[in-house]
Amino acid sequence: MNAQPDGLQSADIVKILRTIPHRYPFLLVDRIASMRGEERCVGVKNVSINEPQFQGHFPDNPVFPGALIIEGMAQTAGVACAASKIAQGLTPKIIYMLAVDKARFRKPVQPGDTLEYHMTKIAYRRNIWRYRGEALVAGELVAEAEIAAYLEAA
């Protein structure tokens, strides 16, 4: 992760793999385009027809599942949470999604789209973070939700 005075700035896929435990086919963020500590984070997911979910969702009209958009938001927020602990000299052990609130899906996401997960911290208390997330494709809102996550670190 690239360091800056107020936290971390960005992460490529190799750095993401070092930060959160998710792996293909369930790793749903390809890079972190920008990050300001745990406060704000923008993750990027390039949606490809080669992904396994498109075999059944739906073969004649492929649509990226809304649940995976939410998971991508959570993973993006998870990178920010874990990076903040790493910056404190701690090692993240596990990250759990605790809650999803106010989820709304506005437009379908299809192969060829680039999803941007814009995550903004709402609150932090006792290793529990709350983030507001917006998923955008070409600058247009396709989904939104509030997500809570728990991170254990040593």
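This write-up is about the structure you can find in this document. In this text, all values refer to a predicted model and were calculated from it rather than measured experimentally.

### Observations regarding the side chain of Lys 121
Okay, step 1: Note on placement: Lys 121 falls in strand E6 (residues 114–125).
Okay, step 2: Here Glu 38 takes part through its side chain, which lies 2.7 Å from a polar atom of the side chain of Lys 121.
Okay, step 3: For Lys 121, the side chain forms a polar contact with the side chain of Glu 39, separated by 2.8 Å.

### Digging into the nonpolar core
Okay, step 1: One finds Phe 64, Ile 69, Met 73 and Leu 115 to be the most contacted residues of the largest nonpolar core, which totals 37 residues.
Okay, step 2: For this core, the secondary structure elements donating two or more residues are strand E3 (31–36), helix H2 (66–87), E6, strand E7 (128–137) and strand E8 (140–153).
Okay, step 3: Residues contacting Met 73, with those up to four places away along its chain left out, are Tyr 117, Met 119, Gly 133, Glu 134, Ala 135, Ala 143, Glu 144, Ala 145 and Ile 147.

### Comments concerning the pairing of E7
Okay, step 1: Pairing between E6 and E7: ten bridges, direction antiparallel. For Tyr 124, the partnering residue across the bridge sits in E7 and is Trp 129.
Okay, step 2: In sequence, E6 turns back onto E7 through a hairpin of two residues, with Arg 126 there showing a positive phi of about 50°.
Okay, step 3: Pairing analysis gives ten bridges linking E7 to E8, with the strands arranged antiparallel. Within E8, the position partnered with Gly 133 by the bridge is Ala 145.
Okay, step 4: Counted along the chain from E7 to the antiparallel partner E8, the turn is two residues long, and its residue Ala 138 has a positive phi close to 50°.

### A closer look at the pairing of strand E4 (residues 40–46)
Okay, step 1: Most of E4 is tucked away: five of the seven residues are buried.
Okay, step 2: Sheet topology places E3 next to E4; five bridges connect them, and they run antiparallel. Among the inter-strand pairings, Met 35 is bridged to a residue of E4, identified as Cys 41.
Okay, step 3: Counting the residues that bridge the hairpin from E3 to E4 gives three residues, and of these Gly 37 lies at a positive phi of roughly 55°.

What counts, and where the lines are drawn
Residues numbered from 1 in each chain as written. Predicted model: local features only at pLDDT ≥ 70, side-chain atom pairs only at ≥ 80, totals over all residues. Heavy atoms only, no water. Helix = DSSP H or I, 4+ residues; strand = E, 2+ residues; numbered from the N terminus. Polar contact = N/O pair within 3.5 Å; in protein donor to acceptor, adjacent residues only side chain to side chain. Core = buried A, V, L, I, M, F, W, Y, C linked by side-chain atoms within 4.5 Å. Buried < 20%, exposed > 50% of the residue type's maximum accessible area, 1.4 Å probe, protein only. Contact = heavy atoms within 4.5 Å. Pairing = 2+ DSSP bridges.

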